[in-house]
Amino acid sequence: AKGKKGDRKRRPAWKQADNNGNGLLSLGECEMFVQRALTHAHPERVVNPSAPDKKVARGELVFQHFRPCYIRAFKDAADYGKDDGTILKGTLNSTASDFVSRREFRLFCAYLVIYSTMYEAFHQIDGGGGELGESDERIELAEWLKGYAHVRD
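These figures come from a predicted structure and were not determined experimentally. Sequence positions are assigned chain by chain, starting from 1 and proceeding in written order. For a predicted model such as this one, the threshold for reporting local features is a pLDDT of at least 70, and the threshold for listing and counting side-chain atom pairs is 80 or more; totals across whole chains, interfaces and linings nevertheless cover every residue. Only hydrogens and water are set aside when side-chain values are computed; all heavy atoms of the structure are taken into account.

What to know about the packing of helix α2 (residues 27–41) against helix α3 (residues 58–65)
Packing of α2 against α3 leaves a shortest axis separation of 7 Å and a crossing angle of 140°. In terms of orientation, α2 and α3 fall into the oblique class. Along this stretch, α2 crosses α3, giving a crossing that reads as right-handed. Of the residues in α3, those touching α2 at Glu-31, Val-34, Gln-35, Leu-38 and Thr-39 are Gly-59, Glu-60, Val-62 and Phe-63. Three categories are distinguished: nonpolar for Ala, Val, Leu, Ile, Met, Phe, Trp, Tyr, Cys and Pro, charged for Asp, Glu, Lys and Arg, and polar for the others, with Gly belonging to the last. For the contact of α2 with α3, the class distribution of residues is 4 nonpolar, 3 polar and 2 charged. Fitted lines through C-alpha atoms serve as axes, helices being fitted only where they are in contact, and the angles separating the N-to-C directions of these axes extend from 0 to 180 degrees. By the criteria applied, helices consist of DSSP H or I runs no shorter than four residues and strands consist of E runs no shorter than two, each listed in order from the N terminus. We call two directions roughly parallel when the angle between them is under 35 degrees, roughly antiparallel when it is over 145, roughly perpendicular when it lies between 65 and 115, and oblique otherwise. In a left-handed crossing the near helix is turned counterclockwise from the far helix by less than a right angle, and in a right-handed crossing that turn is clockwise. Note on definitions: a residue-residue contact is assigned when non-hydrogen atoms from the two residues lie within 4.5 Å.

Written out as C-alpha coordinates, the structure is:
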(Lines give C-alpha, C1' and ligand atoms only; values in the text may rest on other atoms or scores of the structure.)
Protein backbone atom coordinates (compact mmCIF):
# COMPACT_ATOMS: atom_id res chain seq x y z
CA ALA A 1 0.00 0.00 0.00
CA LYS A 2 1.21 3.44 -0.88
CA GLY A 3 0.91 6.39 1.48
CA LYS A 4 0.78 6.71 5.26
CA LYS A 5 -1.09 3.46 5.82
CA GLY A 6 1.48 1.50 3.82
CA ASP A 7 4.33 3.33 5.52
CA ARG A 8 2.98 2.33 8.95
CA LYS A 9 2.84 -1.31 7.87
CA ARG A 10 6.31 -1.27 6.30
CA ARG A 11 8.08 0.56 9.14
CA PRO A 12 8.55 -2.55 11.36
CA ALA A 13 9.65 -4.58 8.34
CA TRP A 14 12.21 -1.91 7.41
CA LYS A 15 13.63 -1.99 10.95
CA GLN A 16 14.01 -5.76 10.72
CA ALA A 17 15.60 -5.61 7.28
CA ASP A 18 17.99 -2.73 8.03
CA ASN A 19 19.70 -4.58 10.85
CA ASN A 20 22.81 -2.36 10.81
CA GLY A 21 20.75 0.85 10.78
CA ASN A 22 22.61 2.56 7.94
CA GLY A 23 19.46 3.36 5.94
CA LEU A 24 20.42 1.13 3.01
CA LEU A 25 19.72 -2.54 2.34
CA SER A 26 22.21 -4.77 0.60
CA LEU A 27 21.10 -7.86 -1.31
CA GLY A 28 22.28 -9.95 1.65
CA GLU A 29 20.17 -7.94 4.10
CA CYS A 30 17.11 -8.24 1.85
CA GLU A 31 17.58 -11.97 1.50
CA MET A 32 18.04 -12.44 5.26
CA PHE A 33 14.89 -10.40 5.88
CA VAL A 34 12.84 -12.53 3.48
CA GLN A 35 14.34 -15.80 4.75
CA ARG A 36 13.60 -14.92 8.40
CA ALA A 37 10.05 -13.86 7.54
CA LEU A 38 9.36 -17.09 5.63
CA THR A 39 10.85 -19.42 8.23
CA HIS A 40 8.92 -17.56 10.94
CA ALA A 41 5.67 -17.84 8.97
CA HIS A 42 6.28 -21.50 8.04
CA PRO A 43 8.34 -23.12 10.83
CA GLU A 44 6.95 -26.64 10.40
CA ARG A 45 9.72 -29.15 9.69
CA VAL A 46 9.50 -31.04 6.39
CA VAL A 47 11.75 -33.37 4.44
CA ASN A 48 14.31 -31.55 2.35
CA PRO A 49 13.96 -32.89 -1.24
CA SER A 50 17.64 -32.28 -1.95
CA ALA A 51 18.67 -34.11 1.26
CA PRO A 52 15.87 -36.58 2.12
CA ASP A 53 17.54 -37.62 5.37
CA LYS A 54 17.24 -34.05 6.74
CA LYS A 55 14.28 -31.93 7.73
CA VAL A 56 14.13 -28.17 7.33
CA ALA A 57 11.57 -25.47 7.99
CA ARG A 58 9.06 -25.27 5.14
CA GLY A 59 9.84 -21.55 4.97
CA GLU A 60 13.45 -22.39 4.07
CA LEU A 61 12.28 -24.50 1.11
CA VAL A 62 9.99 -21.69 -0.03
CA PHE A 63 12.89 -19.25 0.30
CA GLN A 64 15.18 -21.43 -1.84
CA HIS A 65 12.47 -22.03 -4.46
CA PHE A 66 11.70 -18.34 -4.93
CA ARG A 67 15.25 -16.99 -4.52
CA PRO A 68 15.48 -15.73 -8.14
CA CYS A 69 12.49 -13.50 -7.39
CA TYR A 70 14.19 -11.82 -4.41
CA ILE A 71 17.29 -11.09 -6.45
CA ARG A 72 15.28 -9.58 -9.30
CA ALA A 73 13.10 -7.57 -6.87
CA PHE A 74 16.22 -6.22 -5.17
CA LYS A 75 17.89 -5.20 -8.43
CA ASP A 76 14.80 -3.51 -9.83
CA ALA A 77 14.03 -1.65 -6.59
CA ALA A 78 17.67 -0.56 -6.16
CA ASP A 79 17.71 0.81 -9.71
CA TYR A 80 14.60 2.94 -9.19
CA GLY A 81 16.10 5.87 -7.32
CA LYS A 82 18.43 8.51 -8.67
CA ASP A 83 22.08 7.47 -8.82
CA ASP A 84 24.55 10.19 -9.71
CA GLY A 85 27.49 7.78 -9.55
CA THR A 86 28.84 9.12 -6.26
CA ILE A 87 30.69 6.47 -4.25
CA LEU A 88 28.88 6.00 -0.94
CA LYS A 89 30.76 6.81 2.24
CA GLY A 90 32.09 3.71 3.96
CA THR A 91 32.24 1.65 0.75
CA LEU A 92 35.02 0.97 -1.73
CA ASN A 93 33.07 1.58 -4.94
CA SER A 94 29.34 1.24 -4.22
CA THR A 95 26.79 3.74 -5.47
CA ALA A 96 23.12 4.28 -4.60
CA SER A 97 21.97 1.72 -7.18
CA ASP A 98 23.85 -1.04 -5.29
CA PHE A 99 21.38 -0.79 -2.38
CA VAL A 100 17.66 -0.46 -1.64
CA SER A 101 16.87 2.77 0.19
CA ARG A 102 13.98 3.22 2.58
CA ARG A 103 12.08 5.01 -0.21
CA GLU A 104 12.71 2.06 -2.56
CA PHE A 105 11.70 -0.54 0.07
CA ARG A 106 8.03 -0.15 -0.92
CA LEU A 107 8.96 -1.18 -4.46
CA PHE A 108 11.06 -4.08 -3.20
CA CYS A 109 8.05 -5.40 -1.28
CA ALA A 110 5.72 -4.95 -4.27
CA TYR A 111 8.20 -6.59 -6.64
CA LEU A 112 8.53 -9.55 -4.26
CA VAL A 113 4.83 -10.22 -4.58
CA ILE A 114 4.67 -9.61 -8.34
CA TYR A 115 7.74 -11.64 -9.28
CA SER A 116 6.91 -14.49 -6.91
CA THR A 117 3.41 -14.71 -8.36
CA MET A 118 4.79 -14.78 -11.90
CA TYR A 119 7.38 -17.40 -10.93
CA GLU A 120 4.73 -19.58 -9.30
CA ALA A 121 2.51 -19.35 -12.39
CA PHE A 122 5.49 -20.34 -14.54
CA HIS A 123 6.11 -23.37 -12.31
CA GLN A 124 2.48 -24.40 -12.40
CA ILE A 125 2.82 -24.73 -16.14
CA ASP A 126 6.38 -26.03 -16.27
CA GLY A 127 6.42 -28.22 -13.20
CA GLY A 128 3.06 -29.88 -13.43
CA GLY A 129 1.29 -28.17 -10.57
CA GLY A 130 3.88 -25.85 -9.12
CA GLU A 131 5.40 -28.26 -6.62
CA LEU A 132 8.78 -27.19 -5.32
CA GLY A 133 11.65 -28.58 -7.33
CA GLU A 134 9.66 -30.09 -10.21
CA SER A 135 10.50 -27.54 -12.88
CA ASP A 136 13.19 -27.76 -15.56
CA GLU A 137 13.10 -23.92 -15.88
CA ARG A 138 11.77 -23.87 -19.42
CA ILE A 139 8.37 -24.24 -21.05
CA GLU A 140 7.83 -26.15 -24.25
CA LEU A 141 4.83 -25.49 -26.46
CA ALA A 142 3.10 -28.71 -25.36
CA GLU A 143 3.51 -27.75 -21.67
CA TRP A 144 2.17 -24.26 -22.35
CA LEU A 145 -0.88 -25.52 -24.21
CA LYS A 146 -1.60 -28.11 -21.54
CA GLY A 147 -0.99 -25.88 -18.52
CA TYR A 148 -1.74 -22.21 -19.13
CA ALA A 149 -5.49 -22.57 -18.60
CA HIS A 150 -4.87 -24.01 -15.11
CA VAL A 151 -3.14 -20.85 -13.88
CA ARG A 152 -5.66 -18.83 -11.93
CA ASP A 153 -5.71 -15.69 -9.80
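So, the pattern of salt bridges
A side-chain nitrogen of Lys or Arg and a carboxyl oxygen of Asp or Glu constitute a salt bridge if their distance falls within 4 Å. Under the definition given, this model contains 4 salt bridges. The shortest N-O distance in the salt bridge between Asp-7 and Arg-10 comes to 3.0 Å. Placement of both Asp-7 and Arg-10 in helix α1 (residues 4–17) is noted, with a separation of 3 residues, approximately one turn of the helix. Given a relative accessible area of 37%, Asp-7 falls into the partly exposed group. The exposure class of Arg-10 is buried, given its relative accessible area of 12%. We call a residue buried when its accessible area falls under 20% of the maximum for its residue type, exposed when it is over 50%, and partly exposed in between, using a 1.4 Å probe and counting protein chains only.

Some points on the pairing of strand β3 (residues 51–57)
Each pair of strands is called paired provided DSSP finds at least two bridges between the two strands. When strand β2 (residues 45–48) meets β3, the two strands line up antiparallel, connected through 4 bridges. What sits directly across from Asn-48, in β3, is Ala-51. The hairpin turn running from β2 into β3, its antiparallel successor, is 2 residues long.

Quick notes on the packing of aromatic side chains
By convention, a stacked pair of Phe, Tyr or Trp rings (six-membered ring in the case of Trp) has centres within 6.5 Å and planes under 30 degrees apart, an edge-to-face pair has planes over 60 apart, and any other such pair is tilted. In the structure shown here, the tally under the stated rule is 7 aromatic pairs. Among the aromatic residues, those joined into a cluster by ring pairs are Trp-14, Phe-33, Phe-105 and Phe-108.

A closer look at a positive patch on the surface
Without a salt bridge and with relative accessible area above 30%, a residue can belong to a patch; like charges are then joined within 9 Å and nonpolar side chains (Val, Leu, Ile, Met, Phe, Trp, Tyr) within 5 Å. Calculation of accessible area relied on Shrake-Rupley with a 1.4 Å probe; when residues are assessed, cover is drawn exclusively from the protein chains displayed. None of His or the chain ends enter the tally, which takes Lys and Arg as positive and Asp and Glu as negative. Taken as the charge location is NZ of Lys, CZ of Arg, CG of Asp or CD of Glu. A grouping of Lys-4, Lys-5, Arg-8, Lys-9, Arg-11, Lys-15 and Arg-102 is seen on the molecular surface, where their side chains present a positively charged patch. Among the elements that make up the positive patch, the one with the highest residue count is α1 (6 residues). Counting through the fold element by element, Lys-4 comes out in helix α1. Take Lys-4: its relative accessible area is 69%, and that puts it in the exposed class.

Concerning the nonpolar core
Joining through side-chain atoms within 4.5 Å is the link that ties buried Ala, Val, Leu, Ile, Met, Phe, Trp, Tyr and Cys residues into a set, and such a set is a nonpolar core. By size, the foremost hydrophobic cluster in this structure holds 24 residues, and its most contacted members are Leu-25, Val-34, Tyr-70, Val-100, Phe-105 and Phe-108. Residues contacting Val-100, with those up to four places away along its chain left out, are Trp-14, Gly-23, Leu-24, Leu-25, Cys-30, Phe-74, Ala-77, Ala-78, Phe-105 and Phe-108.

A few points about the state of the cysteines
Cysteine sulfur atoms that come within 2.5 Å of each other are treated as a disulfide pair. Across all of its chains, the model carries 0 disulfides by this definition. Of all cysteine sulfurs in the structure, the one in Cys-30 sits closest to Cys-69, which takes part in no disulfide; the separation is 14 Å. Look at Cys-69 and you get buried, because its relative accessible area is 3%.

Observations regarding the confidence of the model for the protein
Each residue carries a pLDDT value, the predictor's own confidence for that position, ranging from 0 to 100. Put simply, the protein has an average pLDDT of 89, and 93% of its residues get 70 or more. Of all the helices and strands in the protein, helix α6 (residues 141–147) carries the lowest mean pLDDT, 85, while α2 carries the highest, 96.

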